[in-house]
Amino acid sequence: MSTVPTWQATGIGSHPGEDHLEAIRVVLGEVPGLPYLPELPARGVGADMVGRTAGLLVDLPVEVQPSGWRLSDRPGRDHQRSLDHMRRDLDGLEEIAHDYSGPLKLQVCGPWTLAGAIELKHGDKMLSDAGAVRDLTASLAQGVADHCAEVRRRLPGVTEIVLQLDEPGLPGVLAGTVPTASGFGRLAAVEGWRVEESLRLFDAPVVHCCAPSVPLGLLRSAGVRGVSVDAALLRRRDDDALGELFEAGMVLFMGVVPGRDARLPDPGVVAEPAVGLWRRLGFAPDRLAAQVVLTPACGLAGATPRYARAALAACAKAAQVLRDDPANGQAG
C-alpha cells in the first residue's frame, strides 16, 4: 500500500493579502511536511482561481468580460496578468525555497469547475459543449505538465510534486445544477464516466472539493491519488465510500479548522474528526497518520494573515496527535 507518512498537514491554497513572499514564508514555516505555492486572489484579475489556471492553458487564450472569463481570439491584457502573477509567484518561491528539499503541492482549478466558469466566444459556458470540454481538458493537462516542469527546474530539490485539482463545481456538474450563461436555465448533467476519463489525463492528482456531496466513489474509480474535503460536510453515510477509498491506498485531506477567523481549539479536539472516523471504520491506528492529512476546511483568502498562520499551525499540531497518539484522539 502506498503511504505518505511525512505529509501530516498542509493548506488548501489561497491566502489573504497581496504579499506573496510572506505567504510563502508562512507556508514553509508552518506546514513543512507538505508546503505549497500559495495563491493570493486579493491581487485582482488573473490571481483568482479561474484566471490563474486559465493562464496555464495551451492555445486557449481567455479574457474578462462583464459576465466573467471567456475564450478569446488571441492573448490579451487579462491573459498577460495571469502570466505575470504566476511568474512573480514562481520567482518568489525560487528565492525563498531555493534550498528546499521534499514534496511540494501545486493547486490548479480542475477541468469541470473551469468548464463551468469560462464561456465560449459566442455562446454558453464551455460545459455546454462536450467537444469544448475535451479541448479544455487536454489544454489544461498540457499546461499543468509544463507548469510542473518549470517548478522542478526552478527548485531541483523538490522530490515530488503533489498536484491538487480544485473542483468545487464538480457535484453541480454531475447533478445538472450549473446555471447557463444567461442564468435562466441549467446545463445538462455530465455522465460520471466522462469525469473519470478526464481526470486520468492528470498525473495522480488530489481532487479538492469543499462542496457537499463529493463523489467519493467516482473519484476512487478515476484513480486519483487522494480526495480533499471539508470534514464538517461528511456524513455517516459517507463512511462506506471513505473506507473503500482508504482500502484502495488513497489519501484523505481532511479540513478540520475553519477557513475564516475563529477560535481554534486544542490539537486533540482539532484531530477528533479524523480519529473518530478512523475508529468507526476499524482500521489499524498506525495507518491513520499515513492516510489522513489535516488541512483547513477550505482556502484562507477570507481570513486575516494572523489567523491564516494560526490555522496552518493548528493543523500541524493536530497531525502530531494522529502520529503520536492515534488511538486516544483528544488525549493529545
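Refer to the structure above for everything that follows.
Calculation criteria
- In this convention, every chain numbers its residues from 1, walking through the sequence in written order.
- Whole-chain, interface and lining totals are the exception, using all residues; otherwise, since this is a predicted model, local features are given only for residues with pLDDT of at least 70 and side-chain atom pairs are given and counted only at 80 or more.
- Each side-chain value is derived from all of the structure's non-hydrogen atoms; neither hydrogens nor water enter the calculation.
- Accessible area is worked out with a 1.4 Å probe on protein chains only. A residue is then buried under 20% of its type maximum, exposed over 50%, and partly exposed in between.
- Here a helix means four or more residues in a row that DSSP labels H or I, a strand means two or more in a row labelled E, and each is numbered from the N terminus.
- When DSSP finds two or more bridges between two strands, those strands count as paired.
- Clockwise travel from the first strand over the helix to the second, with the strands pointing away from the viewer, marks a crossover as right-handed.
- What the arc describes is the spread of directions from the helix axis to the C-beta atoms.
- Contact criterion: two residues are considered in contact whenever any of their non-hydrogen atoms come within 4.5 Å of each other.
- To define axes, lines are fitted to C-alpha atoms, for helices over the stretch in contact only, and angles between the resulting N-to-C directions are given on a 0 to 180 degree scale.
- In this text, buried Ala, Val, Leu, Ile, Met, Phe, Trp, Tyr and Cys residues form a nonpolar core when linked through side-chain atoms within 4.5 Å.
- We call Phe, Tyr and Trp rings a pair once their centres come within 6.5 Å, taking the six-membered ring for Trp, and we label the pair stacked below 30 degrees between planes, edge-to-face above 60, and tilted otherwise.
- The rule is short: NZ of Lys or CZ of Arg within 6 Å of the ring centre and within 35 degrees of the ring normal puts a charge over the ring.
- Every angle not falling under 35 degrees, over 145, or within 65 to 115 is termed oblique; those three ranges are roughly parallel, roughly antiparallel and roughly perpendicular.
- Left-handed is the label given to a crossing in which the near helix is rotated counterclockwise from the far helix by less than a right angle, and right-handed is the label when the rotation is clockwise.
- Classification used: nonpolar for Ala, Val, Leu, Ile, Met, Phe, Trp, Tyr, Cys and Pro, charged for Asp, Glu, Lys and Arg, polar for all others including Gly.

Engineer: What should I look at first to understand the pairing of strand β7 (residues 251-257) in this one?
Structural biologist: Two faces belong to every sheet, and in a regular strand the side chains alternate between them. Judged by how many residues are buried, β7 sits mostly within the fold: seven of seven residues are covered. The pairing of strand β6 (residues 226-230) with β7 spans five bridges and is classified as parallel. Bridging across to β7, Val 227 finds its partner in Leu 252. Handedness of the crossover is the feature at issue here: the chain leaves β6, passes through helix α9 (residues 239-247), returns alongside β7, and the resulting connection is right-handed. Bridge count for β7 against strand β8 (residues 292-296) is five bridges, and the pairing is parallel.

Engineer: What should I look at first to understand helix α7 (residues 192-199) in this one?
Structural biologist: One turn of the α-helix equals 3.6 residues, which is why residues spaced by three or four share an orientation. Taken as a whole, α7 has its buried residues at Val 195, Glu 196, Ser 198 and Leu 199. One face of α7 carries all of its buried residues, which in axial projection span an arc of 165 degrees. Those residues of α7 that are buried lie in contact with α4 (111-115), α5 (130-154), β4 (158-166), α6 (170-175) and α8 (216-221).

Engineer: Explain the sheet that holds strand β3 (residues 102-109) here, please?
Structural biologist: Paired through their backbone hydrogen bonds, the strands of a sheet run either parallel or antiparallel. Taken in spatial order, the six strands line up as β3-β4-β5-β6-β7-β8 in an open sheet, and their pairing is parallel. The open sheet has two edge strands, β3 and β8, and neither has a second partner. The average angle at which neighbouring strand axes cross in this sheet is 25 degrees, direction not considered. Pairing between β3 and β4: eight bridges, direction parallel.

Engineer: How do you make sense of the nonpolar core when you look at a structure like this?
Structural biologist: Note that soluble globular proteins tend to have their nonpolar side chains buried in a common cluster. One finds Ile 118, Met 254 and Leu 294 to be the most contacted residues of the largest nonpolar core, which totals 96 residues. Judged by nonpolar contacts, the second largest core, of seven residues, contains Val 206, Val 251, Phe 253 and Val 293.

Engineer: Any chance you could explain the packing of aromatic side chains here in plain terms?
Structural biologist: By convention here, two paired aromatic rings are described through the distance between centres and the angle between planes. Here the structure, examined in full by the defined rule, presents four aromatic pairs. Both rings, one in Phe 246 and one in Phe 283, keep their centres 6.1 Å apart while their planes meet at 80 degrees; by these two values the pair is edge-to-face. Placement of Phe 246 in helix α9 and of Phe 283 in the loop between α10 (267-281) and α11 (288-291) is noted, with a sequence separation of 37 residues between them. Of the two residues, Phe 246 and Phe 283, both sit in the buried class. Measuring from ring centre to ring centre gives 5.1 Å for Trp 278 and Phe 283, while their planes differ by 45 degrees; the resulting arrangement is tilted. With respect to burial, Trp 278 and Phe 283 carry one shared label: buried. The cationic tip of Lys 105 hangs over the ring face of Tyr 36; the distance from NZ or CZ to the ring centre is 4.9 Å.

Engineer: Could you clarify how one ought to interpret α9 in this entry?
Structural biologist: When we look at burial in α9, the residues that qualify are Asp 239, Leu 242, Gly 243, Leu 245 and Phe 246. What you see down the axis of α9 is that its buried residues fit within an arc of 155 degrees, all on one side. In α9, the exposed residues that point more than 90 degrees away from the buried face are Asp 240 and Glu 247. Those residues of α9 that are buried lie in contact with α8, β6, β7, α10, α11 and β8. Remark: Gly 249 follows α9 within two positions and exhibits a positive phi of approximately 85 degrees.

Engineer: Whenever I open this one, the pairing of strand β1 (residues 62-65) confuses me. Can you help?
Structural biologist: The pairing of β1 with strand β2 (residues 68-71) spans four bridges and is antiparallel. Each residue of the ladder has a partner; that of Val 64, found in β2, is Trp 69. Counting the residues in the hairpin turn of β1 and β2 gives two residues.

Engineer: Please clarify how the packing of helix α3 (residues 77-96) against α5 should be interpreted in this entry.
Structural biologist: Geometrically, a packed helix pair is captured by the angle between its two axes and the distance between the axes. Close contact between α3 and α5 brings their axes to 10 Å; oriented N to C, the two are set at 30 degrees. When the axes of α3 and α5 are compared, the pair comes out roughly parallel. For α3 against α5, the interelement crossing comes out right-handed. In contact with Met 86, Arg 87, Leu 90, Asp 91 and Glu 94 of α3, α5 contributes His 147, Glu 150, Val 151 and Arg 154. Residue composition of the contact of α3 with α5, grouped by class: three nonpolar, one polar and five charged.

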